[in-house]
Amino acid sequence: MTRTHWAAVVAVVLALLFAGAATVASAGGGDSATAATPTADSADAGFARDMAVHHQQAVEMSFIVRDGTQDDEVRRLAYDIANTQANQRGMMLGWLDLWGLPKVAADREPMAWMAGDAKGGHGGTGHQAEDGSLMPGMATKVDVERLDKAVGKQAEIEYLQLMIVHHNGGISMAKGCVELCTVGAERDLAAGMVAAQESEVALMVDLLHKRGADARS
């Protein structure tokens, strides 16, 4: 089951990366004659900015666990997550450049673009006040420090538990973009994120169970 699951995850990730590379230019507004460049307060810009930050933390935690364990399965997963999300982050920041929009919006709270989503968007301040993190699923500084201090099996469990929550938050954000974003290439990327991260969550739950642990609620 593990080999089959790894093959499925790799297939989804590769398909996502090839699709993203092929369509990145179309995010500049050229995918239709009437396409308009997104504005700074649009869902397209908000998702690109927020998910770039969200992805950066996943990359950071993945490098931490690669140094904290010698387990091949977890190290391979961490490498895949870091590589995929670093590439996707680059695409999203590139789109912001294409659109002539800032990568950081000091006058807008994280997740403000999704606050009006009918399916339960997260307003920035409400989530931040709840646990000190910036966006859905993001680990707090305390979480990251705990992961950084852990080694071996404990590091693996900490990483898997944190990354499952992180992925589930990212899935929620990506689904919001699928519904609210107007740029076709960005919606396609978001839909690919949902498929890939749902597959990785299932794999991480399995890896946790092998270590006698469960995902955090």
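*Asks:* Any chance you could break down the packing of aromatic side chains for me, citing the residues and the numbers?
*Replies:* Following the criterion strictly, the structure yields 2 aromatic pairs and no others. With a centroid separation of 5.7 Å and an interplanar angle of 80°, the aromatic rings of Phe-47 and Trp-113 are classed as edge-to-face. Residue Phe-47 is located in helix α2 (residues 43-68), and its partner Trp-113 is located in the loop between α3 (72-99) and α4 (124-131); the two are separated by 66 residues in the primary sequence. We note that Phe-47, like Trp-113, is buried. Note on Trp-95 and Trp-99: the rings are 6.4 Å apart at their centroids and 25° apart in plane angle, and the pair reads as stacked. Linking Trp-95 with Trp-99, this pair stays in helix α3, spanning 4 residues, or about one helical turn. Judged by its relative accessible area of 0%, Trp-95 is buried.

*Asks:* Which residues make up the environment of Asp-41, and what values do they have?
*Replies:* As for its position among the elements, Asp-41 is in the loop between α1 (2-23) and α2. Taking C-alpha positions, Asp-41 is 7.0 Å from Trp-113, a pair spaced 72 residues apart along the chain. For Asp-41, the side chain forms a polar contact with the side chain of Thr-39, separated by 2.7 Å.

*Asks:* Give a detailed account of the nonpolar core, specifying residues and quantitative values.
*Replies:* Counting residues in each nonpolar core, the largest one holds 55 residues, and the members touching the most others are Phe-47, Met-61, Leu-77, Met-92, Tyr-159 and Met-204. Listed by contribution, the elements that provide at least two residues to this core are α2, α3, α5 (141-149), α6 (152-180) and α7 (184-210). Looking at which element gives the most residues to this core, the answer is α6, with 11 residues. With residues up to four places along the chain from it excluded, the contact list for Tyr-159 reads Met-61, Ser-62, Val-65, Val-74, Leu-77, Ala-78, Ile-81 and Leu-147.

Basis of the calculations
- Residues numbered from 1 in each chain as written.
- Predicted model: local features only at pLDDT ≥ 70, side-chain atom pairs only at ≥ 80, totals over all residues.
- Heavy atoms only, no water.
- Phe/Tyr/Trp six-rings, centres within 6.5 Å; stacked < 30°, edge-to-face > 60°.
- Helix = DSSP H or I, 4+ residues; strand = E, 2+ residues; numbered from the N terminus.
- Buried < 20%, exposed > 50% of the residue type's maximum accessible area, 1.4 Å probe, protein only.
- Polar contact = N/O pair within 3.5 Å; in protein donor to acceptor, adjacent residues only side chain to side chain.
- Core = buried A, V, L, I, M, F, W, Y, C linked by side-chain atoms within 4.5 Å.
- Contact = heavy atoms within 4.5 Å.

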